[in-house]
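What follows is each chain in one-letter form.
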Amino acid sequence: MFSRYKLVGFAGLSLAGALLTQPVLAQSQPSVPASNQAIGLASDSLTLGSTVQAVLDANPGVTNLTELANAASSRLSQTQAGFLPQVTGTATYTRIDPVSQFAIAPGAETLAFAPNNNFDAHVTAQYELYDFGKRAANTNLSRSQVQTAQDNVLVARRDLAFSAAQTYFNILFARESIRVQDQQIASLVAHRDEMQKRVDAGVSTKFDVTTTDVRITQAQNQKLDQQNQLLNQQVQLARLLHKPQQADIPVKGRLSYDPQPVNLAAELAKAAENRPEAKLAKDAETTANLQAKLVDRSNLPVLGVGVQAGGKNGYLIPGVAPADALQRIRFNTVGVAQLSVPIYDGGLNRKKKTEAAANYRAAQSKTEDTQEQIRADVRQAVNNMTFSQSRYDNAIQQVNQATDALNRAQGRYRYGVGQNLDVLDAETQLAQARLARAQAMYNYTLGQYQLRRATGEQIWK
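For clarity, every value in this text was computed on a predicted model and none was experimentally measured.

**Notes on the overall build of the protein chain**
Tallying secondary structure elements over the protein chain gives 11 helices and 6 strands in all. The buried share of the protein chain, reckoned over its 461 residues, is 41%. Pairs at least 24 residues apart make up 83% of the contacts formed inside the protein chain by residues separated by at least 6 positions. By element, 53% of the accessible surface of the protein chain is carried by carbon and sulfur atoms, the whole surface being about 24,100 Å².

Quick look at the structure:
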C-alpha cells in the first residue's frame, strides 16, 4: 500500500526541477514525534532560507567559480594595460677583450676604438600609437569573458540552492510519511486492543487479533523504510553542508499547501529575461562575435613609438684625450617610430576567420536551443503545479471518503454485522489517502520551486 506512494515520492526527489513562487512552510516550531526523536530529531533549527544559505556558504565549488571570475577580471585589467605606455629601466655592464686599437705612427700612443669596460644605463618608454582597434577588440573580448565567468557563478549558486531546497523538502516529506504511518499504527493498535477485549469476553476469535497483528507488523516495516529514507536525506544534506561526520542535520518546518495563481505568459517573459542559462548563451554568442572581430583586426598594421634616455661610456669627445673620453659616462637619447605591416602569413588569418565565423554561428544556434529549453522548463513546471493541485483536491476527497468508510467499518464490526478484514482494509485505504495528500503537497511545493528555477528567480525569499 505505502510502497506505491513511497516510490513515486522519492522518484520525484531526483527531479531536476523544483519549485515555486512562495515558500509553503509553516514557520511555527512543529512538535517532534517520539519516533523521530528515536532517530535523532530531538530539536529543529534550520529553516529553508538558512539551509540554503548554509549550503551556499559551505560549498567550495562556488568559491572556485568565484575565484575564476576574479581571475577573468584580472585578465581584463591586463588587456586594459595595453592602452598605457610601457616603461622599462635597464643597466648593463659589458667586458670586452680585446678591443680594436691602432697607432697613428710607429712608436706613437695606441688608441682604442672602445673601452674594455662598457657601462650602459637607460630608461625606455614604448607606446603603440595606433593598431586599428586590435587592443579595443581584445579588451572587449576579455570583458565578455568576465561576464561569462560571473554568470557561471550565478548558475552554480542557483543549482546548489535548488539542491539544498530539494533535500530540505525531501526531509519534510519523509517526516510527513512517518507521521501518517504513526497514525495508522496507532489506529491499528487501538483496534487490536479492542478485539483482544472481545476475545477475552468470548465474542470474537483469536484469528482477528492475529490478522491485525500482521497488519501492524507490515505498517511498522513500512515505517522503518521511511525512517531509512529520512536518514538518507539527512546524510545528503550533511554532504551539501560538507559535514560528513554529522548525518543528523535538524531542519524546521512542515509541508503545507498554499496554491498560487500562475500566469504562463508572464512567467515565460520573466524566464527569457532572468534565466542565467539564457545569459550564458548570449555571453557565448557575444564572445564568439568579439573573437571574430579580433581575428579581423589581427592582420592589420601596428604603429608604435619609443624613446630611450640614459648614460653610457665609449664616446669620443672633441678636445678630450681619447683614452679619457672613452671612459666617461655621457647622457644620450634615442627616438624611434616603427610601422609593422603583415605581408604574408600562409593564409593563417583567413583560416582563423573561417573558424571564428563558424563558432559564431554555432553560438547563435545554441542561444536559440537554450531559449526553447527555457520555455519548455517553464511549461513543465506550470503543468506539474496544475496537476498537483488536481491531485491534492482528489486526495482530500479520498481522505474524507476513506475516513467515512473506516468509521462505518468499525461501527459494523462493533455491532457484529461486519468483518475485521473490512476494518483493516479501510485502515489501509485511509493511510494511502493521507500519503497521497502528502505526496500532492510535496509535488506542488517542488513544482513551485521548479518554476522559480525555470524563471531565474531566487530559490528562496
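After that view of the structure, there is still more to cover.
**Notes on the packing of aromatic side chains**
What characterises a pair of aromatic rings is the spacing of the ring centres plus the angle enclosed by the ring planes. Enumeration over the complete set of coordinates arrives at 7 aromatic pairs. Here the aromatic rings of Y93 and F119 are separated by 5.2 Å at their centres, their planes lie at 40 degrees, and the arrangement is tilted. Highlighted residues: Y93 in strand 1 (residues 86–95) and F119 in strand 4 (residues 117–130), separated in sequence by 26 residues. Residue class for Y93 comes out partly exposed when judged on its relative accessible area of 46%.

**With respect to the UniProt feature "coiled-coil region" (unreviewed entry) in the protein chain**
Per the UniProt annotation, the sites labelled "coiled-coil region" (unreviewed entry) are residues 214–241. Annotated as 96% helix and 0% strand, the span residues 214–241 places its first and last C-alpha atoms 41 Å apart.

**Quick look at the nonpolar core**
Grouped burial of nonpolar side chains is what soluble globular proteins tend to show. In this structure, L48, V52, V55, F169, L237, V251 and L255 are the most contacted members of the largest nonpolar core, which totals 34 residues. Listing elements by their share of this core, those giving two or more residues are helix 3 (48–58), helix 5 (134–200), helix 6 (206–240) and helix 11 (420–455). The dominant element in this core, judged by the number of residues it contributes, is helix 5, at 12 residues.

**What about unusual backbone geometry?**
Backbone torsion omega between D97 and P98 reads -10 degrees, so that peptide bond is classified as cis. Along the chain, P98 falls in the loop between strand 1 and strand 2 (101–103). For F132, which is not glycine, the phi torsion reads 60 degrees and is therefore positive. Mapped onto the secondary structure, F132 falls in the loop between strand 4 and helix 5. For F132, a relative accessible area of 34% corresponds to the partly exposed category.

**Observations concerning a nonpolar patch on the surface**
Where nonpolar side chains cluster on the molecular surface, the patch consists of L129, Y130, F132, L303, V305, L339, V341, I343 and Y344 and spans about 960 Å² of accessible area. For the nonpolar patch, the secondary structure elements donating two or more residues are strand 4 and strand 5 (302–312). For L339, the location among the structural elements is in strand 6 (residues 330–340).

**Regarding the pattern of salt bridges**
Summed over all chains, the structure comprises 19 salt bridges. Across the pair E128 and R135 runs a salt bridge whose closest N-O atoms are separated by 4.0 Å. A relative accessible area of 35% means that E128 is categorised as partly exposed. In this structure, the salt-bridge partner of D159 is R158, at a minimum N-O distance of 2.6 Å. On the basis of relative accessibility, which here comes to 27%, the residue D159 falls in the partly exposed class.

**Section: the environment of L446**
Checked against the element boundaries, L446 lands in helix 11. Along the backbone, L446 and M385 are 61 residues apart, and their C-alpha atoms lie at a distance of 8.3 Å.

**So, the packing of helix 4 (residues 60–80) against helix 5**
For any two helices packed against each other, one specifies the crossing angle of their axes together with the interaxial distance. As a packed pair, helix 4 and helix 5 sit with axes 9 Å apart at the nearest point and diverge in direction by 170 degrees. When the axes of helix 4 and helix 5 are compared, the pair comes out roughly antiparallel. Its residues placed into classes, the contact of helix 4 with helix 5 shows 11 nonpolar, 10 polar and 3 charged.

**Observations regarding the side chain of T79**
Structurally, T79 is set in helix 4. Those residues in contact with T79 that sit more than four places away from it in its chain are N138, T139 and S142.

Reading the values: the criteria
Residues numbered from 1 in each chain as written. Predicted model: local features only at pLDDT ≥ 70, side-chain atom pairs only at ≥ 80, totals over all residues. Heavy atoms only, no water. Helix = DSSP H or I, 4+ residues; strand = E, 2+ residues; numbered from the N terminus. Buried < 20%, exposed > 50% of the residue type's maximum accessible area, 1.4 Å probe, protein only. Contact = heavy atoms within 4.5 Å. Areas by Shrake-Rupley, 256 points an atom, 1.4 Å probe, with all protein chains shown as cover. Phe/Tyr/Trp six-rings, centres within 6.5 Å; stacked < 30°, edge-to-face > 60°. UniProt positions renumbered as here; feature names shortened; annotations may be inferred. Core = buried A, V, L, I, M, F, W, Y, C linked by side-chain atoms within 4.5 Å. Patch = residues over 30% accessible without salt bridge, like charges linked within 9 Å, V, L, I, M, F, W, Y side chains within 5 Å. Salt bridge = Lys/Arg side-chain N within 4 Å of Asp/Glu carboxyl O. Axes fitted to C-alpha atoms, helices over the stretch in contact; angles between N-to-C directions. Parallel < 35°, antiparallel > 145°, perpendicular 65-115°, else oblique. Nonpolar A, V, L, I, M, F, W, Y, C, P; charged D, E, K, R; others polar.

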